[in-house]
Amino acid sequence: MSVEATAPGKVILFGEHSVVYKGPAIVLAIDKRAKVNVNRRQDKRIYFDSLDLGFAGFFEDENYIPVKGETWRGRRLEALRVSAFKTMEQLDVESGLDLIIRSEIPIAAGLGSSAAICVAIVAAVGELFDGGLSKREICDLAYEGEKVVHGTPSGVDNNISTFGGILRYERGAEMERFELEGSLPFVIGNSKRKRSTRRLVGRVRALREREPDLVDEVIDSMAEVSRKGLEALVKRDLPRLGDLMNINHGLLSSLGVSIAKLDLMVHASRGAGAYGAKLTGAGGGGCMIALSERSKMGAIQKAIQRCRGDPHVIDVSYEGVKTRRLE
Ligand code: PMV
């Protein structure tokens with residue numbers, strides 16, 4: 001028997017960086033998913049093959065032996081192994097595995113690809129061994145993998161990928177999940193520049209050490225934008241959401257996490273009629289997000305392309321992780 005599991009990526013609508021210190025982040029699951037197929041192996045190897053991420057190789061104990069795509073080493077792969085291994089450990093089974101990974105979510109772009117892959121691995125391996133894992137257990141096991149990639153991440157990526165929908169996340173508070181009526185499409189523009197969340201969070205921390213009063217004021221404002229953003233989202237007040245996204249982009253820029261290409265795509269999207277646009281995620285590369293009426297989305301996508309960005313229309317997805325047995 002083999003099992004397939006899929007899990008969604010995410011975008012942060014409000015609260016990136018400020019959430020590290022204060023206030024909520026508002027995060028949406030998106031209709032781009034990672035997919036994992038798993039089968040048992042007769043030996044003890046954990047074998048990974050990713051058709052669209054360009055790597056294949058296996059772990060023998062903790063040693064990775066690449067078969068294809070030598071550059072795929074280190075923490076990202078280790079996260080995949082840890083997700084599979086911890087799941088088997090929890091279920092008290094020992095087995096070799098063949099895992100095939102596919103993903104529609106661009107990697108290292110702030111769209112939660114690593115969490116979506118970890119969540120899908122845990123769910124697939126859990127189902128393969130009839131583990132009856134709850135969504136909460138899947139989420140917590142995937143967090144073990146996420147920790148390998150990101151140190152001590154907030155946990156928002158594995159939560160959104162497991163449960164789907166819209167999450168309000170704030171340190172020290174219960175996560176709240178929302179669902180809205182109907183669709184909520186956005187255009188995202190991928191700068192195609194990879195970046196490290198760890199490094200950008202470190203950069204903001206260093207700036208805050210040099211200029212604590214000023215940076216704290218910016219963070220306070222961002223936290224306020226995020227709270228107001230959730231109100232506007234729930235009321236579907238798109239013009240106000242757009243204004244708040246524009247303000248948020250300015251605040252993020254003031255912390256030095258934007259780059260020229262993100263700024264270009266943000267301004268080009270506004271010029272093409274968006275209600276608002278901002279970078280999303282850690283910045284330094286990765287993606288921006290623009291909100292507009294559906295009729296303007298074609299023009300916004302073209303504007304992003306003219307800036308040499310890669311545009312996608314995305315929608316909120318209320319479907320979290322899903323598994324399916326294949327005979
Ligand atoms: O890794 P990204 O691009 O989704 O950004 C994470 C959001 C930050 O606020 C920058 C970091 C964090 O852990 O909350």
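Our structure is the block above this text.
Residues numbered from 1 in each chain as written. Predicted model: local features only at pLDDT ≥ 70, side-chain atom pairs only at ≥ 80, totals over all residues. Heavy atoms only, no water.

1. Some words on the overall build of the chain
- A tally of regular secondary structure across the chain gives 10 helices and 13 strands.
- Its C-alpha atoms give the chain a radius of gyration of 20 Å, within 12% of the compact-globule value 20 Å for 327 residues.
- For the chain, the spread of C-alpha atoms along the principal axes amounts to about 55 × 45 × 35 Å.
- With 48 positive and 44 negative side-chain charges, the chain shows a spacing of 6 Å between the two charge centroids. (Helix = DSSP H or I, 4+ residues; strand = E, 2+ residues; numbered from the N terminus. Rg over C-alpha atoms; globule rule 2.2 N^0.38 Å. Lys, Arg positive; Asp, Glu negative; His and termini not counted. Charge placed at Lys NZ, Arg CZ, Asp CG, Glu CD.)

2. Looking at the site of the ligand
- Of all residues adjacent to the ligand, which total 13 residues, the nearest are Lys10, His17, Arg195, Thr197 and Ala282.
- Residue Arg195 places a side-chain N or O atom 2.3 Å away from an oxygen atom belonging to the ligand.
- Interatomic distance of 2.5 Å between a side-chain N/O atom of Thr197 and an oxygen atom of the ligand.
- Isolated, the ligand exposes 380 Å² of accessible area, and the fraction of that covered by the protein chains is 88%.
- Elements with a contribution of two residues or more to the shell around the ligand: strand 1 (2-14), helix 1 (18-21) and helix 6 (197-210).
- By residue class, the composition of the shell around the ligand is 5 nonpolar, 5 polar and 3 charged.
- Two domains each provide a minimum of three residues to the shell around the ligand, namely domain 1 (2-179) and domain 2 (186-314). (Near = heavy atom within 4 Å. Polar contact = N/O pair within 3.5 Å; in protein donor to acceptor, adjacent residues only side chain to side chain. Areas by Shrake-Rupley, 256 points an atom, 1.4 Å probe, with all protein chains shown as cover. Nonpolar A, V, L, I, M, F, W, Y, C, P; charged D, E, K, R; others polar. Domains from an automatic or database assignment.)

3. What to know about the nonpolar core
- Residues Leu97, Leu99, Ile121 and Leu233 are the most contacted members of the largest nonpolar core, which totals 92 residues.
- Take this core: its biggest share by element is 11 residues, from helix 3 (residues 113-128).
- Shared between two domains, this core holds at least three residues of each, these being domain 1 (2-179) and domain 2 (186-314).
- Here Leu99 is in contact with Val36, Asn37, Val38, Ile46, Tyr47, Phe48, Asp49, Ala84, Ile121 and Val125, once residues within four sequence places are set aside.
- Membership of the second largest hydrophobic core comes to 9 residues, among which are Val19, Val156, Ile160 and Leu167. (Core = buried A, V, L, I, M, F, W, Y, C linked by side-chain atoms within 4.5 Å. Buried < 20%, exposed > 50% of the residue type's maximum accessible area, 1.4 Å probe, protein only. Contact = heavy atoms within 4.5 Å.)

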